[in-house]
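# Fold and geometry: a report
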Amino acid sequence: MSDNKNVRVRFAPSPTGALHIGGGHTALFNWLWARHNNGKFILRIEDTDLVRSTKEYEQTIMSGMKWLGLDWDEGPDIGGDYGPYRQSERLDIYRDYANKLVNEGKAYKDGEAIIFKVEPGQDISFNDIVYGQINVMSDGLKEQNSDKLKDIVIIKSDGMPTYNYAVVIDDHLMKMTHVIRGEDHISNTPKQILIYRALGWEVPTFAHLPMILGRDKKKLSKRHGATSIYEYRDMGYMPDSMFNFLALLGWSAGDDKEIFTRSQAAEWFELSRVTKKAAVFDFDKLNYINQEHLKALAPDVRLSMIKPFWIEAGLPVESHSDKYLEDALTLMAGRGRTAKEMAEFSDYFVSFEPVKARWTPEGLDKEKLNEFFKELFASPEWKAEALENIARNFIASHEGAKMKDYAMPLRFALTGMKVSPGIFEVAELMGKDECEKRVKFYFD
RNA sequence: GGUCCUAUCGUCUAGUGGCCUAGGACACAGCCCUUUCAAGGCUGCGGCGCGGGUUCGAAUCCCGCUAGGACCGCCA
């Protein structure tokens, strides 16, 4: 971990929707850079679009960030030395600097609006940590389908500052050392540099991040399904996994390290290792990463991840001890890619009802099976190993008997599924009484 | 139309002139394990967009082409 305590970066969402994948990705990289350097991560709300911004979305975005594990050091909710952190509360500041620009002849009024004058012939190139040298002349700042140079609106007719202007004022006043944001802002950067210069301010270091694309390689949008971070939570993806997955989009530790924790990522993170190419959001990889984290969880944490999904399915979670449920999930380790799947695949541990709803015996040799079950339940100890030994002895002593002919009916009676962890281990955990109850329901 | 950006297996990427007959991961296929299915182990399939240079030597540097993309809003 390097120690550039003066590093200050920010995530500046506009509260016009929930925290989406792209926003979470940007926030994550800023957080990573701040934590890597032991610097500060600031949250600023860009709510200058009066029509679309709401306090509800502001809350949703903040809780989305918390869910991902991205904590900030300064922000509208906790304050800080450079507030306020909501643009709608900084209107006087924007107005003052705009007037200054007008007085210096660098901007002009147009009705209620204030427009920044773009002069031709200026070199507004900059060096991006990710993209390298980007060369631009102000002469290229044209109006669409025209040769006319396009001046920059800085204060709108409604008195609110525009993005390209407010972002400069705030980033400077909030002492940002690095501006880390999506690649779609590269073209905005030269305009912002013009404003920094007009105000006589030092330009921060820029680092643009590659975009995130859908399977069809188009910019990620609602068409691709889930775009809000919360939708992933509801699908059973865990915050650790989303963090891990998002961190891998456009960055790698460079040492085949793919499954990691937040603190490991913060330790290894380097802006200079961020890639330039837009990355496709790959569900298969997300699933894999989620599964890995699911496997690695401590039993009590795993239970806390799965429980909500059992409850949602109406299962009587409260009638079991946490220990029992944790053990059940430990047995399930490696099964299911999401918390939701794992909950679905393990419902029989919580209740016999779903089993009954799923399975009805058909075409089985009940006589033989009853003989088998009788021996099984006569076992002096209800342990997986003992039960399996009984089964093997039974098979050895019966001509033509196969393990699967007995293990599968047992599995179905206990779980209602054709797939489960080792059935004798399941039986041990469920306990003799419960197993007997289930088997007797179907046989005998 | 203008400005800018990008280009390694299907996907995420390693790679910064020789260690590359291009490495890893996901996905996919096969095998092993096995009471089922996962997990795990092993094997396989599969890529430097094209064309020119520079160089003893290029995935790596330069030019062109092609293909994607971003921005050009009193949205952010």
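Residues numbered from 1 in each chain as written. Chains lettered and ligands numbered in written order. Predicted model: local features only at pLDDT ≥ 70, side-chain atom pairs only at ≥ 80, totals over all residues. Heavy atoms only, no water.

### Re the protein's contact with RNA strand B
This is how it is decided: Throughout, near means a residue has at least one heavy atom within 4 Å of the molecule or strand. We define a polar contact as two N or O atoms separated by no more than 3.5 Å, with the added condition that, inside protein, one atom must be a possible hydrogen donor and the other a possible acceptor, whereas residues neighbouring each other in sequence contribute only through side-chain atom pairs. Helix and strand definitions here come from DSSP, where helices need a minimum of 4 consecutive H or I residues and strands a minimum of 2 consecutive E residues; each element is numbered from the N-terminal end.
As a matter of local geometry, RNA strand B sits amid 68 residues, with Lys150, Ser157, Gly250, Arg335 and Arg392 nearest to it. A share of 69% of the atoms of RNA strand B within 4 Å of the protein falls on sugar and phosphate groups. A distance of 3.1 Å separates a sugar or linking oxygen of RNA strand B from a polar atom in the side chain of Glu46. At 3.4 Å from a base nitrogen of RNA strand B is found a main-chain nitrogen or oxygen belonging to Asn145. The element that contributes the greatest number of residues to the surface near RNA strand B is helix H9 (residues 283–296), accounting for 6 residues.

### Looking at the nonpolar core
Applicable threshold: By convention a nonpolar core is built from buried Ala, Val, Leu, Ile, Met, Phe, Trp, Tyr and Cys residues, the set being connected through side-chain atoms within 4.5 Å. Relative accessibility under 20% of the residue-type maximum defines a buried residue, over 50% an exposed one, and the middle range a partly exposed one, all with a 1.4 Å probe and only protein chains included. Note on definitions: a residue-residue contact is assigned when non-hydrogen atoms from the two residues lie within 4.5 Å.
By size, the foremost hydrophobic cluster in this structure holds 82 residues, and its most contacted members are Ile21, Leu32, Met65, Phe116, Ile154, Tyr165 and Phe281. Among the elements that take part in this core, helix H1 (residues 21–37) stands out by supplying 8 residues, more than any other. Dropping the residues within four chain positions of it, Ile154 is found in contact with Ala98, Leu101, Ala107, Ile114, Ile115, Phe116, Met160, Pro161, Thr162, Tyr165 and Ile195. One finds Leu315, Ala339, Phe349 and Ala407 within the second-largest nonpolar core, a separate group that totals 51 residues.

### Structural notes on the packing of helix H10 (residues 299–312) against helix H11 (residues 322–332)
Basically, it comes down to this: With axes taken as lines fitted to C-alpha atoms, and helix axes fitted only over the stretch in contact, angles between N-to-C directions fall between 0 and 180 degrees. Each angle is binned into one of four classes, with values under 35 degrees roughly parallel, values over 145 roughly antiparallel, values of 65 to 115 roughly perpendicular, and all other values oblique. Three residue categories are used. Nonpolar comprises Ala, Val, Leu, Ile, Met, Phe, Trp, Tyr, Cys and Pro, charged comprises Asp, Glu, Lys and Arg, and polar comprises the others, including Gly.
Orientation of H10 relative to H11, taken along the N-to-C sense of each, is 95°, at an axis distance of 9 Å. Taken together, the axis directions place H10 and H11 in an arrangement best described as roughly perpendicular. Packed against H10, whose contacting residues are Pro299, Asp300, Arg302, Leu303, Ile306, Lys307 and Trp310, the element H11 presents Asp322, Leu325, Glu326, Leu329 and Thr330 at the interface. Across the contact of H10 with H11, the residue classes tally to 6 nonpolar, 1 polar and 5 charged.

### So, helix H5 (residues 189–198)
H5 sits mainly inside the fold: 8 of its 10 residues count as buried. Of all the residues in H5, the buried ones are Thr189, Pro190, Gln192, Ile193, Leu194, Ile195, Tyr196 and Ala198. Phi turns positive, to about 75°, at Gly200, one or two residues after H5.

### Topic: the sheet that holds strand S7 (residues 152–155)
Applied cut-off: In this scheme, strands are said to pair when DSSP sees at least two bridges between them.
Strand order in this open sheet of 3 strands is S3-S4-S7, and the pairing throughout is antiparallel. Sheet topology places strand S3 (107–110) and S7 at the edges, where each strand pairs with a single neighbour. In this sheet, neighbouring strand axes are inclined to one another by 40° on average, regardless of whether the strands run parallel or antiparallel. Pairing analysis gives 4 bridges linking S3 to strand S4 (residues 113–116), with the strands arranged antiparallel. Each residue of the ladder has a partner; that of Asp110, found in S4, is Ala113.

### A look at the pattern of salt bridges
So the rule is basically this: Salt-bridge detection follows one rule: a side-chain nitrogen of Lys or Arg within 4 Å of a carboxyl oxygen of Asp or Glu.
For the structure shown, the criterion picks out 29 salt bridges. Among the salt bridges present, the one from Arg44 reaches Glu46, with a minimum N-O distance of 2.9 Å. When the shortest N-O distance is used, the salt bridge between Asp327 and Lys323 registers 2.6 Å. Residue Asp327 and its partner Lys323 are located together in helix H11, separated by 4 residues, close to a single helical turn. In this structure Asp327 comes out as partly exposed when scored by relative accessible area, which is 28%. Taken together, the salt bridges that share partners define one network made up of Arg10, Arg44, Glu46, Arg90, Asp170 and Asp171.

### Structural notes on the packing of aromatic side chains
Our working rule: To pair, rings of Phe, Tyr and Trp, with the six-membered ring standing in for Trp, must have centres within 6.5 Å; the planes then decide the type, stacked if under 30 degrees apart, edge-to-face if over 60, and tilted in the middle. Two conditions define a charge sitting above a ring: the NZ of Lys or the CZ of Arg must be within 6 Å of the ring centre, and it must be within 35 degrees of the ring normal.
Scanning the entire structure with this criterion turns up 28 aromatic pairs. For the ring pair Trp31 and Phe243, a centre distance of 5.6 Å and an interplane angle of 85° mean the geometry is edge-to-face. Of this pair, Trp31 sits in helix H1 while Phe243 sits in helix H7 (residues 239–247), and the two are 212 residues apart along the sequence. Ring pairs connect the aromatic residues Phe352, Trp359, Phe372, Phe373, Phe394, Tyr406, Phe412, Phe441, Tyr442 and Phe443, which therefore count as one cluster. Between Arg233 and the ring centre of Tyr230, over which it is positioned, the NZ or CZ distance is 4.0 Å. Positioned above the aromatic ring of Trp268 is the side chain of Lys257, whose terminal nitrogen or guanidinium carbon lies 4.2 Å from the ring centre.

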